[in-house]
Amino acid sequence: MRRQPQPLSRPLERAPRQVPRVAAPLTPAWRRVLVPLALAVVVAGCAAKGPQPACPTVDVINDLHRTTVFAAGGAGDPAAVSHTLRIADFSAQCVYRKNAITLPVTVTLSAQRGPVNDGGRAPGRYFVAVLNAQDAVITKRVFDVDLAFKEGAQAVFSDEVTLTLPFAAAADLDGWRVLIGLQLSAEALAYNRRLRDPR
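Residues numbered from 1 in each chain as written. Predicted model: local features only at pLDDT ≥ 70, side-chain atom pairs only at ≥ 80, totals over all residues. Heavy atoms only, no water.

Caption draft 1: Quick look at the overall build of the chain. The secondary structure content of the chain amounts to one helix and eleven strands. When the helices and strands of the chain are placed in sequence order, the string is β-β-β-β-β-β-β-β-β-β-β-α. By the burial criterion, 45% of the 199 residues in the chain qualify as buried. Element-wise, carbon and sulfur atoms account for 52% of the exposed surface of the chain, whose accessible area totals about 10300 Å². (Helix = DSSP H or I, 4+ residues; strand = E, 2+ residues; numbered from the N terminus. Buried < 20%, exposed > 50% of the residue type's maximum accessible area, 1.4 Å probe, protein only. Areas by Shrake-Rupley, 256 points an atom, 1.4 Å probe, with all protein chains shown as cover.)

Caption draft 2: Representation of unusual backbone geometry. Even without being glycine, Asn99 reaches a positive phi, approximately 60°. Of note, the phi angle at Asp135 is positive, near 65°, even though the residue is not glycine. Summarising the element assignment, Asp135 is placed in the loop between β8 (121-131) and β9 (137-148). In this structure Asp135 comes out as partly exposed when scored by relative accessible area, which is 35%.

Caption draft 3: Seen up close, the layout of surface pockets. One number sums up the size of the largest pocket: a volume of about 280 Å³. Thr67, Thr68, Val69, Ser185 and Ala188 are the residues nearest the centre of the largest pocket, which is lined by 19 residues in total. Of the residues that constitute the lining of the largest pocket, the class distribution is nine nonpolar, seven polar and three charged. (1 Å grid on protein atoms, 1.4 Å probe; cavity = no way out; pocket = protein on both sides within 12 Å on 5 of 7 lines; lining within 4 Å. Points joined across faces, edges and corners; volume = space filled by probe spheres on them. Nonpolar A, V, L, I, M, F, W, Y, C, P; charged D, E, K, R; others polar.)

Caption draft 4: Inspection of the pattern of salt bridges at higher detail. With the rule as written, the count across this model stands at five salt bridges. Close ionic contact of Arg177 with Asp135 constitutes a salt bridge, the shortest N to O distance being 2.8 Å. Residue Arg177 is located in strand β11 (residues 177-182), and its partner Asp135 is located in the loop between β8 and β9; the two are separated by 42 residues in the primary sequence. Here Arg177 falls in the buried class, since its relative accessible area comes to 15%. Among the ionic contacts, a cluster of salt bridges with common partners joins Asp59, Asp135 and Arg177. (Salt bridge = Lys/Arg side-chain N within 4 Å of Asp/Glu carboxyl O.)

Caption draft 5: The nonpolar core, seen in detail. Core analysis: the largest hydrophobic core is formed by 43 residues, its most contacted members being Leu109, Tyr126 and Ile180. Every element with two or more residues in this core is listed here: β3 (57-60), β5 (81-92), β7 (100-113), β8, β9, β10 (154-166), β11 and α1 (186-196). (Core = buried A, V, L, I, M, F, W, Y, C linked by side-chain atoms within 4.5 Å.)

Caption draft 6: A look at the state of the cysteines. Scanning all chains against the criterion turns up one disulfide. Shown here is the disulfide that connects Cys55 with Cys94, its sulfur atoms set 1.9 Å apart. Around the S-S axis, the bridge from Cys55 to Cys94 shows a dihedral of about 115° and counts as right-handed. Here the residue Cys55 occupies a position in the loop between β2 (29-34) and β3, and Cys94 occupies one in the loop between β5 and β6 (95-97), the gap between them amounting to 39 residues. (Disulfide = S-S within 2.5 Å.)

Caption draft 7: Main features of the environment of Leu85. Among the secondary structure elements, Leu85 is positioned in strand β5. When its relative accessible area of 2% is taken as the criterion, Leu85 is described as buried. Along the backbone, Leu85 and Ala155 are 70 residues apart, and their C-alpha atoms lie at a distance of 9.4 Å. Apart from the residues lying within four places of it in its own chain, the contact partners of Leu85 are His65, Arg66, Thr67, Leu109, Ser110, Ala111, Pro123, Gly124, Leu147 and Leu182. (Contact = heavy atoms within 4.5 Å.)

Structure representation (structure tokens):
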């Protein structure tokens, strides 16, 4: 587990999408699959009999949805931008299985090339975190990405992370949610907040 996303309590960029909610000591399992943009992902599962848990919401944290990467010594200078990276979209769906919910989350990232990007790449990191009803981080995974500007000044990449959330009873998943964001340094987060509120 790496450092926790900040701030979990701030307003989200978009309305939550109804898609987890569970209780310790049940431990989520992870699986990561790289998804080509043209590939349609079909997920099938067998629903368990009896009451089923509510499907959790999946949200993007407002202050962590984008970042601007500057060349060394050029922080804050538009002429020194290497690239910008943002979470352009996401999708999720719950698949009910016996005593578990499988939750594939697809995250689409978009990069814009800056004036000093000579390497043709836009590296970055994003995370997917699972929180319980008390907003405690139950688990969090950070993923490295490296977008390539093959043609032009933009690059797009999609990544899929699959969560498996076990439960013994329907109430085990009440109040849980999944948060997505870019893993930023304190300086990058402060820059985002200045852009949002320049006062």
